[in-house]
Amino acid sequence: MCIALAMHFFIGGIYMHDKALAYIKAKKEERIAAFYKEKDETLIRLGLFEKVYAPEGIYDTYPYTEWDSKEKRYYKKKAIDVTYEEYEEILKYSDTEWEIAFINGDECFSLKEILKLIKR
């Protein structure tokens, strides 16, 4: 006779099943990844980016072009690195009309909620 034992972990004062813990961890990672993607897109949209130039002969992943004195140069935009506090301040003073929030499916999270989630 085989008996399967469920693993439980003590998290924040409660015992949690390992599958529940894995689910929560995966969802938290999804939200964090989505936040960073949105943050980078917002910074780029606001013009807060650096140009990363393509190495010679590799152009397919560098969608933007510009001319220097002699040749066409390919580059991609990389959002500048900012802290969470700097990002929150940038959003306060930007001309964007959107509310400072991130929407994931039917759930809506304020920037402060997202920052708390990331800092955990």
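Keep in mind that what you see is a predicted model, and the values were worked out from it rather than measured.

Draft legend 1. Just the overall build of the chain, in detail. Of the regular secondary structure elements, the chain holds three helices and seven strands. Reading the helices (α) and strands (β) of the chain from amino to carboxyl end gives β-β-α-β-β-β-α-β-β-α. Burial analysis of the chain (120 residues in total) assigns 17% to the buried set. At a minimum sequence separation of 6, the contacts of the chain that also span at least 24 residues come to 50%. Accessible area for the chain stands at about 9,500 Å²; split by element, carbon and sulfur atoms hold 55% of it.

Draft legend 2. Summary view of the pattern of salt bridges. Tallied over the entire structure, the rule returns five salt bridges. With a closest N to O distance of 3.5 Å, aspartate 81 and lysine 78 form a salt bridge. Residue class for lysine 78 comes out partly exposed when judged on its relative accessible area of 36%.

Draft legend 3. Summary view of the confidence of the model for the chain. Taken as a whole, the chain shows an average pLDDT of 77; of its residues, 68% reach a score of 70 or greater. When mean pLDDT is taken per element in the chain, strand E3 (residues 49-53) scores highest with 92 and strand E6 (residues 101-104) scores lowest with 51.

Draft legend 4. Quick peek at the nonpolar core. By size, the foremost hydrophobic cluster in this structure holds six residues: Phe35, Leu43, Ala79, Val82, Tyr87 and Leu91. When contributions to this core are tallied by element, the ones reaching two or more residues are helix H1 (18-45) and helix H2 (84-93).

Draft legend 5. Examining the pairing of strand E5 (residues 72-79) more closely. Where E3 lies against E5, five bridges are found, and the strand directions are antiparallel. Bridged to valine 52 within E5 is lysine 76. Pairing geometry for strand E4 (residues 64-67) and E5, over four bridges, is antiparallel. Its bridge partner being in E5, glutamate 66 is matched across the sheet by arginine 73. From the end of E4 to the start of E5, which pair antiparallel, there are four residues.

Draft legend 6. Examining the sheet that holds E4 more closely. Read across the open sheet, the three strands follow the order E3-E5-E4; overall the sheet is antiparallel. Of all strands in the sheet, those with a lone pairing partner are E3 and E4, marking the two edges. Strand-to-strand twist across the sheet, computed as the mean angle between neighbouring axes with direction ignored, equals 45°. Contacting E3 and E5, H1 runs over the sheet at an angle of about 125° to E5.

Draft legend 7. Representation of the packing of aromatic side chains in the model. Evaluated as defined, the whole model comprises four aromatic pairs. Their ring planes at 80° and their centres at 6.0 Å tell us that phenylalanine 35 and tyrosine 87 sit as a pair that is edge-to-face. Here phenylalanine 35, found in helix H1, pairs with tyrosine 87, found in helix H2; they are 52 residues apart in sequence, far enough to count as distant. Exposure remark for tyrosine 87: the relative accessible area of 2% places this residue in the buried category. Connected via pairs of aromatic rings, a cluster forms that spans Phe35, Tyr36 and Tyr87. Here the guanidinium or amino end of lysine 51 rests over the ring plane of tyrosine 75, the centre of that ring lying 4.9 Å away. One cation-aromatic arrangement involves lysine 76 over tyrosine 62; the distance from NZ or CZ to the ring centre is 4.7 Å.

How each quantity is defined
- Residues numbered from 1 in each chain as written.
- Predicted model: local features only at pLDDT ≥ 70, side-chain atom pairs only at ≥ 80, totals over all residues.
- Heavy atoms only, no water.
- Helix = DSSP H or I, 4+ residues; strand = E, 2+ residues; numbered from the N terminus.
- Buried < 20%, exposed > 50% of the residue type's maximum accessible area, 1.4 Å probe, protein only.
- Contact = heavy atoms within 4.5 Å.
- Areas by Shrake-Rupley, 256 points an atom, 1.4 Å probe, with all protein chains shown as cover.
- Salt bridge = Lys/Arg side-chain N within 4 Å of Asp/Glu carboxyl O.
- pLDDT = per-residue confidence, 0-100.
- Core = buried A, V, L, I, M, F, W, Y, C linked by side-chain atoms within 4.5 Å.
- Pairing = 2+ DSSP bridges.
- Axes fitted to C-alpha atoms, helices over the stretch in contact; angles between N-to-C directions.
- Phe/Tyr/Trp six-rings, centres within 6.5 Å; stacked < 30°, edge-to-face > 60°.
- Lys NZ or Arg CZ within 6 Å of the ring centre and 35° of its normal.

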